[in-house]
2 protein chains.
Amino acid sequence: MFKIPDHQVAGHVAGAGKLGPLVDDSGRFYKPLQDGKRGTEEVSFYESFSSNTQIPEKIRKFFPIFYGTKIMKASTGIEHPHIILQDLVSSRLSPSLMDIKIGARTWAPEASEEYITKCLKKDRESTSVSLGYRLSGLRVFIGDELGFYKPERDVMRKAGPDDVRLFLMKFVSSNLESGSESESESKPDCSLVASVYGGDNGILSQLLELKAWFEDQTMYHFYACSLLFMFEKGLTSNPEVKLIDFAHVEEGKGVIDHNFLGGLCSLIKFISKILSDTNDLKNGLIEP
Amino acid sequence: MFKIPDHQVAGHVAGAGKLGPLVDDSGRFYKPLQDGKRGTEEVSFYESFSSNTQIPEKIRKFFPIFYGTKIMKASTGIEHPHIILQDLVSSRLSPSLMDIKIGARTWAPEASEEYITKCLKKDRESTSVSLGYRLSGLRVFIGDELGFYKPERDVMRKAGPDDVRLFLMKFVSSNLESGSESESESKPDCSLVASVYGGDNGILSQLLELKAWFEDQTMYHFYACSLLFMFEKGLTSNPEVKLIDFAHVEEGKGVIDHNFLGGLCSLIKFISKILSDTNDLKNGLIEP
């Protein structure tokens, strides 16, 4: 009944004797509670959010549906609590996915010194500080036989601002090689940019909807939270943006989440630029 | 011909044998170049900005006019280079002033470890990290005989988010006591909120204009830069917002200044809330 999801692009993975998320065939995602404060805080967030009447419906759709928690027995026989969520990709065939951790700062002001030091190091070594976000995972569907383009985690971790721009372009390109190779490739063709990033229902438009909410909401601060981009290759790519990973959400206490908002605006600017450059290229306004 | 400006609310002050800014009677402000990289970088910024044709006129008005540099002899006889700028308040009578340092982070990613450690400590101890900005200076004109309300620097340095909200309210209030006392005061009356923060030419409207530019511009990153709010008590308060202090401006390299933008959005939200609360109070929608 349960199986290991094959679409995960970031985070812990289940293995022999190792806890990791599971999915069932009814479209639910079972995420093992993280140890200590982290796990309980993620549950607290889902409980608070799902019962919060201040959340507009057009914003609620960006969040996975929460179905509660459940103690589950791992293959090792050990029992462990899990959060039950909507499996965001169960209805999709071979979706392309990108996981982007938002915020120049992944630590809350109230976190422990040890944790802050650890996060600050990662934030400075990645593009979090420079861009206000960093890539955590990426896979792009190429074709039934070729499978996916999927760069190694280590490659993404070391990515600088220009690499991130390139990954954002590859996400909407068709001329990729399968596997994790990327050195020898030609310039990403951005052939899907209009249908995935652009348009009324595209990713940019969804990000702008989120931005408007983040300019106003002072209930939650989403530290170390990710945006998940999804789409399918085909007639209707059906692009979708979701927020995931709420183990470090804090109360907003009347202050907007300027850290998330800043990173979101920076990402919006990168995507807008890719869209307008592709248009200019098509219209002959810039050189290939 | 030169005198010490009497309107400074933050930064270094000239004194016996000590360098500090000077003003002349033609409306120019002479700021001693800071030592080392800081001083040369501030000059570089003014030179780059004043010759930059990409800056819209409606944005340029937020910056002091730059008149070049000049070697000047201090009272001690020592020569020192100065930046010559527009004296922003020379045309005003008893202006109320607030200096707000924008950004959760006052350090550029390229700064030295020592400098980053120093800044991070200040950012965490103040409201920079929590609010995305901190108060650096404040004086509110009360009346010709009573003079100014002017909290001690130390009080502002220690201010938490609620104190900052209160200072933002006091800036547009008339029921203040002169000097630096603030403990015994009654709730700020926000009597000037509509004419200073509100309206088509008010501070909120100017901040929104700046925000639109920061969502787009990728030329400069304004670390440790301040917004200066000014107005005069009277028939036309003539509220004005300026950007000042550019010793830590870095090239944007195609990335928006998400750090400044986030802090600016957070400040905009605080000011919008003060405006709407005052309206609700006037309309009897909330209790005093």
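Keep in mind it's a predicted model, so treat the numbers as computed, not measured.

**Q** Report on the domain arrangement of chain A, specifying residues and quantitative values.
**A** Residues and elements named next belong to chain A. Domain assignment breaks chain A into domain 1 (22-86) and domain 2 (96-282). Between domain 1 and domain 2, the C-alpha centre-to-centre distance is 22 Å. Listed per partner, the contact involves 20 residues of domain 1 and 18 residues of domain 2. Interface of domain 1 and domain 2: buried area, both sides summed, is about 1,700 Å²; carbon and sulfur atoms make up 61% of it. On the domain 1 side of the contact with domain 2, R38, F45 and F62 bury the most area, a combined 37% of that side's loss.

**Q** Quick rundown of the packing of aromatic side chains? Include the residues and the values.
**A** As enumerated under the stated definition, the model contains 52 aromatic pairs over all chains in all. Judged by centre distance (4.2 Å) and plane angle (10°), the ring pair of F214(A) and F260(A) falls under stacked. Taken as a pair, F214(A) in helix α8 (residues 203-214) and F260(A) in helix α9 (residues 258-282) lie far apart in primary sequence, 46 residues in all. Classification of F260(A) as buried rests on a relative accessible area of 0%. Taken together, a centroid distance of 5.9 Å and an interplanar angle of 45° make the contact between F63(B) and F222(B) tilted. On the criterion of sequence distance, the pair formed by F63(B) in the loop between α2 (57-60) and β3 (66-73) and F222(B) in strand β8 (residues 220-222) is long-range, its members being 159 residues apart. An aromatic cluster is defined as three or more aromatic residues linked by ring pairs; in this entry it consists of F45(A), Y46(A), F49(A), F63(A), F66(A), W213(A), F214(A), Y220(A), F222(A), F246(A) and F260(A). One Lys or Arg, R60(A), reaches over the ring of F49(A) and ends 5.3 Å from the middle of that ring.

**Q** I'd love a proper account of the interface of chain A and chain B, names of residues and values included.
**A** If you look at the interface, chain A gives 29 residues, while chain B gives 29 residues. Buried area between chain A and chain B, both sides added, is near 2,200 Å², and the carbon and sulfur share of it is 61%. Contact with chain B buries surface across chain A, with R124(A), H258(A) and K269(A) losing the most and accounting together for 26% of the total. Joining chain A to chain B, the criterion identifies six salt bridges. Put simply, E215(B) and K211(A) hold a salt bridge, and the shortest N to O gap is 2.8 Å. If you look at where chain A meets chain B, you find 13 residue pairs in polar contact (both at pLDDT 80 or more). Mapped by element, the contributors of at least two residues to the side of chain A that touches chain B are α3 (113-125), α4 (128-131) and α9 of chain A. Ranked by residues supplied to the side of chain A that touches chain B, first place goes to α9(A) with eight residues. The residue makeup of the side of chain A that touches chain B, split by class, is 12 nonpolar, nine polar and eight charged.

**Q** Can you explain the nonpolar core? Please cite residues and give values.
**A** Membership of the largest hydrophobic core comes to 132 residues, with the highest contact counts inside it found for Y197(A), F229(A), Y197(B) and F229(B). By size, the runner-up hydrophobic cluster in this structure holds 12 residues, among which are I116(A), C119(A), I116(B) and C119(B).

**Q** Give me the lowdown on the pattern of salt bridges, citing residues and values where you can.
**A** Residue and element names in this part refer to chain A. One pass over the structure, following the stated rule, counts 36 salt bridges over all chains. The salt bridge partner of K273 is D277, with a shortest N-O separation of 3.0 Å. With K273 and D277 both in helix α9 and four residues apart, this pair spans about one turn of that helix. Since its relative accessible area comes to 28%, D277 is described here as partly exposed. Counted as one network, the salt bridges with shared partners bring together R92, E232, E240 and K242.

**Q** Break down a nonpolar patch on the surface for me, citing the residues and quoting the values.
**A** All names here are of chain A. A cluster of nonpolar side chains, contributed by L281, L285 and I286, occupies part of the molecular surface with about 270 Å² of accessible area. Checked against the element boundaries, L281 lands in helix α9. Judged by relative accessible area, which is 37%, L281 ranks as partly exposed.

What counts as what
- Per chain, residues are indexed from 1 in the order of the written sequence.
- Just so you know, chain letters begin at A and ligand numbers begin at 1, following the order they were written in.
- For a predicted model such as this one, the threshold for reporting local features is a pLDDT of at least 70, and the threshold for listing and counting side-chain atom pairs is 80 or more; totals across whole chains, interfaces and linings nevertheless cover every residue.
- No hydrogens and no water enter the side-chain calculation; it runs on all heavy atoms of the structure.
- Bear in mind that the domain bounds are from an automatic or database domain assignment.
- Should any heavy atoms of two residues lie within 4.5 Å, those residues are considered in contact.
- Buried area counts how much accessible surface, traced with a 1.4 Å probe, disappears from two parts once they are put together, with both parts' losses summed.
- Only rings of Phe, Tyr and Trp enter the pairing, Trp through its six-membered ring, and a pair is recorded when the two centres are within 6.5 Å. The plane angle decides the type: under 30 degrees is stacked, over 60 is edge-to-face, the rest tilted.
- Helix and strand assignments come from DSSP, with helices taken as H or I runs of at least 4 residues and strands as E runs of at least 2, each series counted from the N terminus.
- To sort residues, take the accessible area from a 1.4 Å probe on protein chains only and compare it with the maximum for the residue type: under 20% means buried, over 50% means exposed, and anything in between is partly exposed.
- Placement of a charge over a ring requires the Lys NZ or Arg CZ to be within 6 Å of the ring centre, with the centre-to-atom vector within 35 degrees of the ring normal.
- The salt bridge criterion pairs a side-chain nitrogen of Lys or Arg with a carboxyl oxygen of Asp or Glu, the two atoms within 4 Å.
- Whenever a nitrogen or oxygen atom comes within 3.5 Å of another N or O atom, the pair is scored as a polar contact, on the condition that within protein one atom can donate a hydrogen and the other can accept it, and that pairs from neighbouring residues in sequence are kept only if both atoms are in side chains.
- Put simply, Ala, Val, Leu, Ile, Met, Phe, Trp, Tyr, Cys and Pro go in the nonpolar bin, Asp, Glu, Lys and Arg in the charged bin, and everything else, Gly too, in the polar bin.
- By nonpolar core we mean a set of buried residues, namely Ala, Val, Leu, Ile, Met, Phe, Trp, Tyr and Cys, connected to one another through side-chain atoms within 4.5 Å.
- What goes into a patch is any residue over 30% in relative accessible area without a salt bridge, connected to like charges within 9 Å or, for nonpolar side chains (Val, Leu, Ile, Met, Phe, Trp, Tyr), within 5 Å.
- What sets the accessible areas is the Shrake-Rupley method with a 1.4 Å probe; for residues, cover comes only from the shown protein chains.

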